[in-house]
Amino acid sequence: MALTTAAPEVVLRSGNARPMPAIGMGTAKFPVVHETTRDAVLAAVEVGFRHFDTASLYGTELPLGDAIVEAVRRGLVASREEVFITSKLWCTQCHPHLVLPSLRESLRNLQMEYVDLYLIHWPICMKPGPGVFPAKREDAVPFDFEGVWREMEECHRLGLAKAIGVSNFTTWHLDKIMAAATVPPAVNQVELNPVWQQRKLRAYCAEKGIHVAAYSPLGGQNWSGEGNAVLESGVLAKIAKARRKSVAQVALRWIYEQGLTPIVKSFSKERLKQNIQIFDWELTEDDLIKIGQIPQKKIVTAANVVFSPEGEFTAVNLSDIEIVEE
Ligand SMILES: NC(=O)c1ccc[n+]([C@@H]2O[C@H](COP(=O)([O-])OP(=O)(O)OC[C@H]3O[C@@H](n4cnc5c(N)ncnc54)[C@H](OP(=O)(O)O)[C@@H]3O)[C@@H](O)[C@H]2O)c1
């Protein structure tokens, strides 16, 4: 099968990771259907994706690993080394003694010797136990940033995670990690798209050499049932028409032009193909100004996505774990 598009790559500052392909495929989709996920990853490999995002929470490590084994068997890639794999440590595992065992379990699911990038999924620690989603507010406990990051560094030192980083961290949370780090985080993966541009966080990360990966680059999967402010944006639709591109391509291209890496989920081969075709054309200055003026709106918050609305936070302040900044 011919490879249609190759993505440029980003060199990550810390760690000895292979460079990160400048677009990644997201695999979060609930409920998980093993075959569907595996086939979507294989379709993504066929159209040129080499960067895949999973997490222990998603339950997609196993089908992703199966797909990569199959991609090698079919000769779509020469070996596992040709792909960049990210996984994440869930909140119930954010205790120093659980970090390494959690990564080892992810690696067993992935059938891999290492991940290219291992992220702390949220700046939230919950009582150990099976991950329930949404979580109970009473289960949130204080986060030992120093102890957990020390164990993330151990994962890196052992070569089980080529690079380490964080996700959903604000500048306030990053300050805590930076104060404790010998190996600073290589990546912060956050919600970022034309309707949630995160200027303050991007400026902070640029200054500290932390690469920003953008999840929900197309506005997400309508988790809250409120529609999709990116795909339904009139401003983006006008630009898309003028550039003869889709709204999705305009959003992804804008993220790429900001020096960030979109992590985009599609399980449709046609849309996967479309999503990776963003590297051989440009937005104009005027497009960038118009996108810069889009009213801002965040979708994912700790209070409305991670936790169920009932109950009370008894051991933490919501303000310490909330991720809305700007
Ligand atoms: N770190 C975190 O806390 C976190 C949180 C959320 C997500 N993520 C990661 O980021 C990935 C992407 O984010 P996301 O899944 O929230 O949302 P997204 O990538 O913004 O949007 C995905 C939605 O857009 C549709 N879509 C994809 N390409 C399209 C196109 N060209 N035209 C029209 N529609 C298109 C998809 O449906 P089809 O499949 O039908 O194409 C899907 O419903 C996740 O899968 C996950 O890996 C991380």
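If you're wondering where the values come from, they're calculated on a predicted model, not measured in any experiment. (Residues numbered from 1 in each chain as written. Predicted model: local features only at pLDDT ≥ 70, side-chain atom pairs only at ≥ 80, totals over all residues.)

Trainee: Which parts of the structure should I look at to understand the UniProt feature "binding site: substrate" (unreviewed entry) in the protein?
Mentor: UniProt marks His121 with the feature "binding site: substrate" (unreviewed entry), using the numbering shown here. Within the fold, His121 resides in the loop between β6 (115-120) and β7 (125-126). When sequence neighbours within four positions are dropped, the list of residues in contact with His121 reads Ala55, Leu57, Lys88, Leu89, Trp90, Cys91 and Ser167. (UniProt positions renumbered as here; feature names shortened; annotations may be inferred. Helix = DSSP H or I, 4+ residues; strand = E, 2+ residues; numbered from the N terminus. Contact = placed C-beta atoms within 7 Å.)

Trainee: How should the sheet that holds strand β9 (residues 161-167) be read in this particular structure?
Mentor: Read around the closed barrel, 8 strands run β3-β4-β5-β6-β9-β10-β11-β12, paired in parallel fashion. Direction aside, the axes of adjacent strands within the sheet are offset by 30 degrees on average. Both strand β5 (residues 84-89) and β6 contribute to a ladder of 4 bridges, which runs parallel. From the neighbouring strand, Leu89 faces β6, where its bridge partner is Ile120. Against the sheet, helix α3 (residues 96-110) contacts β5, β6 and β9, and its axis sits at roughly 135 degrees relative to β5. Those strands touched by helix α4 (residues 145-157) are β6 and β9, and its axis lies near 155 degrees from that of β9. (Pairing = 2+ DSSP bridges. Axes fitted to C-alpha atoms, helices over the stretch in contact; angles between N-to-C directions.)

Trainee: I keep staring at the site of the ligand and nothing clicks. Help me out?
Mentor: As a matter of local geometry, the ligand sits amid 27 residues, with Gly26, Leu218, Ala248, Lys265 and Ser266 nearest to it. For the shell around the ligand, the secondary structure elements donating two or more residues are β12 (261-264) and α9 (269-276). In terms of residues, the shell around the ligand owes the most to one element, α9, which gives 3 residues. Looking at the shell around the ligand residue by residue, the class counts come to 9 nonpolar, 15 polar and 3 charged. (Near = placed C-beta within 6 Å. Nonpolar A, V, L, I, M, F, W, Y, C, P; charged D, E, K, R; others polar.)

Trainee: Help me understand α3 in this model?
Mentor: In an α-helix there are 3.6 residues to a turn, and that puts residues three or four apart on one side. For α3, with 15 residues, the first-to-last C-alpha span of 22 Å sits near the 21 Å given by 1.5 Å per residue. Listed as buried for α3 are Val99, Ser102, Leu103, Ser106, Leu107 and Leu110. What you see down the axis of α3 is that its buried residues fit within an arc of 140 degrees, all on one side. Exposed residues lying more than 90 degrees from the buried face of α3 are His97, Pro101 and Arg108. Packed against the buried residues of α3 are α2 (61-73), β5, β6, α4 and β9. Looking one or two residues beyond α3, the residue adopting positive phi is Gln111, at roughly 60 degrees. (Expected span 1.5 Å × (residues − 1). Buried ≥ 20, exposed ≤ 12 C-beta atoms within 10 Å, placed from the backbone. Arc of directions from axis to C-beta.)

Trainee: Even after reading the chapter, I still don't get the UniProt feature "site: Lowers pKa of active site Tyr" (unreviewed entry) in the protein, so can you show me in this structure?
Mentor: Sequence positions flagged by UniProt for "site: Lowers pKa of active site Tyr" (unreviewed entry) are, in local numbering, Lys88. Counting through the fold element by element, Lys88 comes out in strand β5. Residues in contact with Lys88, not counting those within four places in the same chain, are Ala55, Ser56, Leu119, His121 and Ser167.

Trainee: Can you help me understand the nonpolar core in this one?
Mentor: Taken as a class, soluble globular proteins show a tendency for nonpolar side chains to be buried jointly. If you look at the biggest cluster of nonpolar residues, it comprises 96 residues, and the most contacted ones within it are Ala44, Leu117, Tyr118, Ile124 and Ala251. Per element, the largest residue contribution to this core is 8 residues, and it comes from helix α8 (residues 247-257). If we skip the residues at most four places from it in the chain, Tyr118 touches Ser87, Leu89, Leu103, Met152, Cys155, Ala161 and Ile164. (Core = buried A, V, L, I, M, F, W, Y, C linked by C-beta atoms within 7 Å.)

Trainee: Just checking my understanding: could you explain the packing of α2 against α3 for this structure?
Mentor: In a packed pair of helices, the relevant descriptors are the angle between the two axes and the axis-to-axis distance. Direction vectors running N to C along α2 and α3 enclose 45 degrees, while the axes themselves pass 7 Å from each other. Taken together, the axis directions place α2 and α3 in an arrangement best described as oblique. For the pair formed by α2 and α3, the contact residues are Glu61, Leu62, Leu64 and Gly65 on the first element and Ser106, Asn109 and Leu110 on the second. Grouping the constituent residues of the contact of α2 with α3 by class yields 3 nonpolar, 3 polar and 1 charged. (Parallel < 35°, antiparallel > 145°, perpendicular 65-115°, else oblique.)

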